[in-house]
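# Summary of structural features
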Amino acid sequence: MLKDSARIRAYKDAVFLCQEYFRNKVVMDVGAGTGILSVFCAQAGASTVYAVEASNLADMIPKVAEENDFASVIKVLKQKVEDVKLPNDEKVDVIVSEWMGFYLLHEGMLDSVLHARDIHLKAGGKLFPEEAKLWCAPCSLPALYDFWDNVEGVRMHTVGQEWRRQKSQEPQILDVPSSDILADPSKVCSFDLYTCTARDLDSISKRFVLPANREGQYQGLCVWFSCVFPSFDDEDPVVLNTASNAESTHWKQTVVMLPNEQEVEEGTPMAWELKLERSGGNCRHYNIEFTELDPECVQHPVPCMCYMTKCIVMRACLEQSGAWPDGEIGDGDNNDTDADLVS
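This report concerns the structure included in the present document. Keep in mind it's a predicted model, so treat the numbers as computed, not measured. (Residues numbered from 1 in each chain as written. Predicted model: local features only at pLDDT ≥ 70, side-chain atom pairs only at ≥ 80, totals over all residues. Heavy atoms only, no water.)

### Notes on unusual backbone geometry
This is how it is decided: Put simply, DSSP marks the helices as runs of H or I at least four residues long and the strands as runs of E at least two long, and each gets a number from the N terminus on.
Cis geometry is adopted by the peptide bond preceding Pro129, which originates at Phe128 and carries an omega value of 0°. By the element assignment, Pro129 lies in the loop between strand 5 (121-128) and strand 6 (131-139). Following Val302, the chain continues to Pro303 via a peptide bond in cis, the omega torsion being 0°. With respect to the helices and strands, Pro303 occurs in the loop between strand 15 (300-302) and helix 8 (309-321).

Structure below.
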């Protein structure tokens, strides 16, 4: 994870671009690990950094602090943040945490961050990051399909089909090239970390209708996340982005692989419902349910760029009436907000 330069750089840039939030302030680093984020906060001028780490990595943080001349600033609390009690019920000015798991939530620590927020953060304090978004798009997966065409001169489609059937029962963590994404990304959900609750994380579901923006083989659903950090410049905040077209991270992308592929052309509507629910046995594990839907039988967003007659007619009406502002045609993000729907 320390070799994940995109991850490390995003936190470092966010902290140093907002040094006013850290200078002479009290900071809590939730899930501090080896302490690198705690050091960034100290370098930015924090007066005290509480590095909260329950694992044995906590034993290394004092040595990391000492070799960076911050032994008097970084105070290690080797315990779960849910068990932390600060001296004199002190409140912190900033909470920093790298809490994200695969597809944002799996094995993540957001519940712990929300607990720290509710118990330890001052009114008006800052969270790094402060917003998280989950995204998805249909994709091709040639690396998982094409191999079976020629295994040392032998066609193994039968084996490949059974292998995909088994693999489709659990998400795959892969680097998906941006060239294999078949449609513009759509947002599954977003979390404002200042206001969301643990209950908001229990169950997430959304239906999608997206048109293919090129021809290809529809073989799976690609899921990833982005996190936004506080900024003095709201127009250009630091964003940690794990999308296919961004710098690769150790999170890669999460893929729900379809047992059977479907050939699509530009404009082909693809419809599905995605559900994420906490596992009953472990609150940090999630079950993913992907359901393919019939594009003929579900509502489409307005405007929708697919080739179905009803959507073509609707686009023409919007253009003719002037209700479709310039610059919005084909923006590819129709599912990002609660768009109007057409049956």
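### Details of a negative patch on the surface
Stated formally: A patch consists of residues whose relative accessible area exceeds 30% and which take part in no salt bridge; residues with like charges are grouped when within 9 Å of each other, and nonpolar side chains (Val, Leu, Ile, Met, Phe, Trp, Tyr) when within 5 Å. With residues, only the protein chains shown are counted as cover, and all accessible areas are computed by Shrake-Rupley using a 1.4 Å probe. A pair is scored as a salt bridge if a Lys or Arg side-chain nitrogen falls within 4 Å of a carboxyl oxygen belonging to Asp or Glu. In this tally, Lys and Arg are treated as positive and Asp and Glu as negative; His is ignored, and so are the chain termini. Throughout, a charge is located at the NZ atom of Lys, the CZ atom of Arg, the CG atom of Asp or the CD atom of Glu. We call a residue buried when its accessible area falls under 20% of the maximum for its residue type, exposed when it is over 50%, and partly exposed in between, using a 1.4 Å probe and counting protein chains only.
A surface patch of negative charge is lined by Asp146, Asp149, Glu215, Glu261, Glu263, Glu265 and Glu266. One can find Glu261 in strand 12 (residues 253-264). Given a relative accessible area of 41%, Glu261 falls into the partly exposed group.

### A closer look at the layout of surface pockets
For the record, the criterion: Here the term cavity refers to a set of points on a 1 Å grid, laid over the protein atoms alone, in which a 1.4 Å probe fits but cannot get out; the term pocket refers to an open set having protein on both sides within 12 Å along at least five of seven lines, with lining residues being those that place an atom within 4 Å of a point. Grid points are joined across faces, edges and corners, and a volume is the space filled by probe spheres set on the points.
Its boundaries defined by the atoms lining it, the largest pocket holds a volume of some 640 Å³. Every residue lining the largest pocket is counted, 32 residues in all, and those nearest its centre are Gly31, Gly33, Glu53, Glu98 and Met109.

### Details of the sheet that holds strand 3 (residues 74-77)
Rules: Here, strands pair whenever DSSP counts at least two bridges between them. For helices, the axis comes from a line fit to the C-alpha atoms of the stretch in contact; other axes are also lines fit to C-alpha atoms, and the angle between any two N-to-C directions lies between 0 and 180 degrees. Pairs of residues are marked as contacts when any of their non-hydrogen atoms sit within 4.5 Å.
Spatially, 3-2-1-4-5 is the arrangement adopted by the five strands of the open sheet, whose pairing is parallel. Each edge of the open sheet carries a strand with a single partner, namely strand 3 and strand 5. Within the sheet, the average angular offset between the axes of one strand and its neighbour, ignoring direction, is 25°. Note that strand 1 (residues 26-30) and strand 4 (residues 92-97) share four bridges and pair parallel. Within strand 4, the position partnered with Val27 by the bridge is Val94. Along the sheet, helix 3 (residues 36-43) makes contact with strand 1, strand 2 (48-52), strand 3 and strand 4, crossing strand 2 at roughly 175°.

### Considering the pairing of strand 1
Both faces of the sheet carry side chains from a regular strand, because those side chains alternate between them. Under the convention used in this document: When the strands point away from the viewer, a crossover counts as right-handed if the route from the first strand across the helix to the second turns clockwise.
Most of strand 1 sits inside the fold, with five of its five residues counted as buried. Note: strand 1 against strand 2, five bridges, orientation parallel. Counted as the bridge partner of Asp29 is Ala51 from strand 2. Following the chain from strand 1 across helix 3 to the adjacent parallel strand 2, one finds a crossover that is right-handed.

### Describing the packing of helix 1 (residues 5-17) against helix 3
Stated formally: If an angle is under 35 degrees, it is roughly parallel; if it is over 145, roughly antiparallel; if it lies from 65 to 115, roughly perpendicular; otherwise it is oblique. A crossing counts as left-handed when the near helix is turned anticlockwise from the far one by less than a right angle, and as right-handed when that turn is clockwise.
The N-to-C vectors of helix 1 and helix 3 enclose an angle of 20°; their axes lie 9 Å apart at closest approach. Taken together, the axes of helix 1 and helix 3 lie roughly parallel to each other. In this structure, helix 1 meets helix 3 at a crossing whose hand is right-handed. Of the residues in helix 3, those in contact with Ile8, Tyr11, Lys12, Val15 and Phe16 of helix 1 are Ile36, Leu37, Phe40, Cys41 and Gln43.

### A word on empty space enclosed by the protein
Selection criterion: Under the scheme applied, nonpolar residues are Ala, Val, Leu, Ile, Met, Phe, Trp, Tyr, Cys and Pro; charged residues are Asp, Glu, Lys and Arg; polar residues are all the others, including Gly.
Per the stated rule, a full pass over the model turns up two cavities of 30 Å³ or more. Estimated volume of the largest cavity: approximately 50 Å³. Around the largest cavity, the lining residues are Leu105, Gly108, Met109, Leu110, Asp111, Leu201, Arg278, Cys283, Arg284 and Tyr286. Listed by contribution, the elements that provide at least two residues to the lining of the largest cavity are helix 5 (110-120) and strand 14 (282-293). With three residues, the top contributor of residues to the lining of the largest cavity is strand 14. A per-class count over the lining of the largest cavity returns six nonpolar, one polar and three charged. Of the pockets and cavities examined, the second largest cavity occupies roughly 40 Å³. Forming the walls of the second largest cavity are Tyr103, Val223, Thr254, Val256, Leu274, Leu276 and Ile288.

### Regarding the packing of aromatic side chains
The way to describe two aromatic rings as a pair is by their centre distance and the angle between their planes. Convention followed: In this scheme Phe, Tyr and Trp rings, the latter by its six-membered ring, pair at centre separations within 6.5 Å, and the angle between planes marks the pair as stacked below 30 degrees, edge-to-face above 60, and tilted otherwise.
Evaluation of the coordinates by the stated rule reveals eleven aromatic pairs. Judged by centre distance (5.3 Å) and plane angle (20°), the ring pair of Phe208 and Trp272 falls under stacked. Taken together, the residues Phe208 in strand 9 (residues 203-211) and Trp272 in strand 13 (residues 269-279) connect sequence positions 64 residues apart. Of the two residues, Phe208 and Trp272, neither departs from the other in class, the shared state being buried. Linked through ring pairs, Tyr11, Tyr21, Phe22, Phe128, Phe229 and Phe232 together constitute an aromatic cluster.

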